[in-house]
Amino acid sequence: MGKQSLSYLSVKKAGGLFAAALLLGGALPGAACTNFIVGKKASADGSVMCSYSADDYGMFQNLCHYPAARHAKGALRKIYNWDSNKFQGTIPEAAETYNVIGNINEYQVTIAETTFGGRAEMVDSTGLIDYGSLIYIALQRSRTAREAIRVMTALVSTYGYCSEGETFTVCDPNEAWIMEMMGCGPGSRQAVWVALRIPDDAICAHANQSRIRTFNMKDKANVMYSPNVVKFARSKGWYSGKDADFSFCDTYAKPDFGGRRYCEARVWAFFNHFTTDMARYVDYAAGKVANAEPMPLWVKPGRKVSLADMEACMRDHYENTPFALDTDIGGGIWQMPYRPTPLSFKVGGKSYFNERPVSTQQSGFVFVSQMRSWLPREIGGVLWFGNDDANMVPFTPVYCCTPKAPRCYDTPGADALTFSMDNAYWVCNWVSNMVYPRYSQMFGSLCTVRDSLDSSYRKLQPAVEDTARALYDASPAKAVSYLSEYTALKAAQMLDRWKQLATYLIVKYNDMVVKPEKNGRFERTPYGLGARVSRPGYPDAYAKELVRQTGTKFEVPAE
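These figures come from a predicted structure and were not determined experimentally.

(A) Summary view of the pairing of strand E21 (residues 396-399). Alternating residues of E21 divide into Thr396 and Val398 and Pro397 and Tyr399, and every residue in both groups is buried. Relative to E21, strand E20 (residues 382-386) runs antiparallel, the two sharing 4 bridges. The partner of Val382 across the bridge, within E21, is Tyr399.

(B) Structural detail: the side chain of Asn391. Turning to its location among the elements, Asn391 is positioned in the loop between E20 and E21. Classification of Asn391 as buried rests on a relative accessible area of 4%.

(C) Representation of the packing of helix H11 (residues 424-435) against helix H12 (residues 439-474) within the structure. As a packed pair, H11 and H12 sit with axes 8 Å apart at the nearest point and diverge in direction by 140°. Contacts between H11 and H12 pair Val431, Met434 and Val435 from the former with Tyr439, Met442, Phe443 and Leu446 from the latter. Partitioning the contact of H11 with H12 into residue classes produces 7 nonpolar, no polar and no charged.

(D) Just the pattern of salt bridges, in detail. Taken as a whole, this structure holds 27 salt bridges when the rule is applied. Across the salt bridge formed by Asp200 and Arg197, the nearest N and O atoms sit 2.9 Å from each other. Just as Asp200 is buried, Arg197 falls in that class too. For the salt bridge of Glu465 with Arg372, the shortest nitrogen-to-oxygen distance reads 2.7 Å. You can see Glu465 sitting in helix H12 and its partner Arg372 sitting in the loop between strand E19 (363-371) and helix H10 (377-380), a full 93 residues away along the chain.

(E) A look at H11. Taking 1.5 Å of rise per residue, the 12 residues of H11 would be expected to cover 16 Å, and the 17 Å separating its terminal C-alpha atoms lies within 8% of that figure. In terms of burial, H11 is a largely internal element, 10 of the 12 residues being buried. Listed in full, the buried residues belonging to H11 are Ala424, Tyr425, Trp426, Val427, Cys428, Asn429, Val431, Ser432, Met434 and Val435. Buried residues along H11 sit against E19, H12 and helix H13 (476-508).

(F) Local environment of the sheet that holds E21. In spatial order, the strands read E16-E14-E1-E2-E19-E20-E21; together these 7 strands make up an open sheet with antiparallel pairing. Both edges of this open sheet fall to strand E16 (298-299) and E21, since each of them pairs with a single strand only. Relative to the sheet, helix H7 (residues 257-272) contacts strand E1 (34-38), strand E14 (203-206) and E16, its axis offset from that of E14 by approximately 160°.

(G) Inspection of the side chain of Arg438 at higher detail. Mapped onto the fold, Arg438 is located in the loop between H11 and H12. Asp511 provides the closest opposite charge to the buried, salt-bridge-free Arg438, at an N-O distance of 7.1 Å. Here Tyr509 takes part through its backbone oxygen, which lies 2.3 Å from a polar atom of the side chain of Arg438. Excluding anything up to four places from it in sequence, Arg438 contacts Trp334, Phe443, Tyr509, Met512 and Val513.

Procedures and definitions
Residues numbered from 1 in each chain as written. Predicted model: local features only at pLDDT ≥ 70, side-chain atom pairs only at ≥ 80, totals over all residues. Heavy atoms only, no water. Buried < 20%, exposed > 50% of the residue type's maximum accessible area, 1.4 Å probe, protein only. Helix = DSSP H or I, 4+ residues; strand = E, 2+ residues; numbered from the N terminus. Pairing = 2+ DSSP bridges. Axes fitted to C-alpha atoms, helices over the stretch in contact; angles between N-to-C directions. Contact = heavy atoms within 4.5 Å. Nonpolar A, V, L, I, M, F, W, Y, C, P; charged D, E, K, R; others polar. Salt bridge = Lys/Arg side-chain N within 4 Å of Asp/Glu carboxyl O. Expected span 1.5 Å × (residues − 1). Lys, Arg positive; Asp, Glu negative; His and termini not counted. Polar contact = N/O pair within 3.5 Å; in protein donor to acceptor, adjacent residues only side chain to side chain.

Here it is, written out as structure tokens:
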């Protein structure tokens, strides 16, 4: 994101990096980013929630911050492409901009994204505004989700849109929206887009595949769209039916095998946690049955969705589903639920693929945003943030009023090529990369610490917010200061605990053995040495597969 955040200077952002390779919604080589969305009547506490995993290999991410400000008449804003950091031009700055921390602003508006690519010929390289700029400009200029959509669409209609096809999550404490957007080709300085309000009692998701099909053009309360959304397709000869039958997805970004198996399968996994009706869509998500029934854009969950549920869903690896990753040797000796990329590979002239779950080693950051209408806005918005793969880190609370990113989430000197023990991204990646290759052996130790921290944050939340509310009644500024200090404290404590975890893991599991513990301490012999280690060897399933593949090669001869 240009000059505005070190994280965006260091690497290319996940959502759009791979999309140029797409044709008609084809599979992304990295298939990055996932968003889940929960309406206020579908959540356990009445909040609107959404989540985001920003995924791309080599990506270094800080928690970005844009302070509230007033700008002089005639002030200009420089636009830097979020993917490339290329300077693209300037636009007039707004008279007033709002505080933004990460992907939430001081009015609890949250915006996230996934890139689906779509028709390559629709990309307008001459457009001034990219999808990343849209997100952060809108956050700085909007008090509601609807206003954010109006800001974003006005920007692209004025200055053009230069990114590939994009799906945006746009939420506030009262409403959740999904919006899809594409350019109209080189030199057009136009875009086609449609935005739908998600019903309050529903959940929705998107993961690098366009999902909006038909929409009710007469429902002005819950549907917004560009005037050219159907007209443009007609002009290209891509659609000739009735306006009411027009499908944005099928016209501009029709899913192929990869769009379904790598992308829509993640949506299927989210829905599958909350409804018993997803078996009917397995063929669609699997991508191998051409005319399988597509999934709905949203579903009504069978139970209310909690914050803990959202965090768990961001850690999903298709466990206990037809797409589970624990039934083959791809996970190695210790069965990690992760696979190397590229997602596809060839053996003997034939193409094969790896599953792409929600939780992935390439995540730069993840969050769950909690937006609550019944609290003062400074207290109601919380970005539960993690600076690595969601499965490998806790989500620390970052209140939307925070005027400065915690130091561990915005560390001077740290970047994609510079390790820092003061930086959460690097310390968390250090730990997770120890655990990945020995997952079944080591993950339990990480999970115990992760879940303990997550549980402590949720347990503290009511008391912290009661205190903030009492302070707010006397002075909103005091409440802001209190919540900002709490945000920084929990982030710093998490980093310290993760450093302890790192040293614990290397001691306990060094050299593929396991050192015994008693009462939370490593055991020693009566003479002060480390107690005898255990050597667990191969897990049974892996040992059996090894013997199956090697036959008698390693068989010990009978004496």
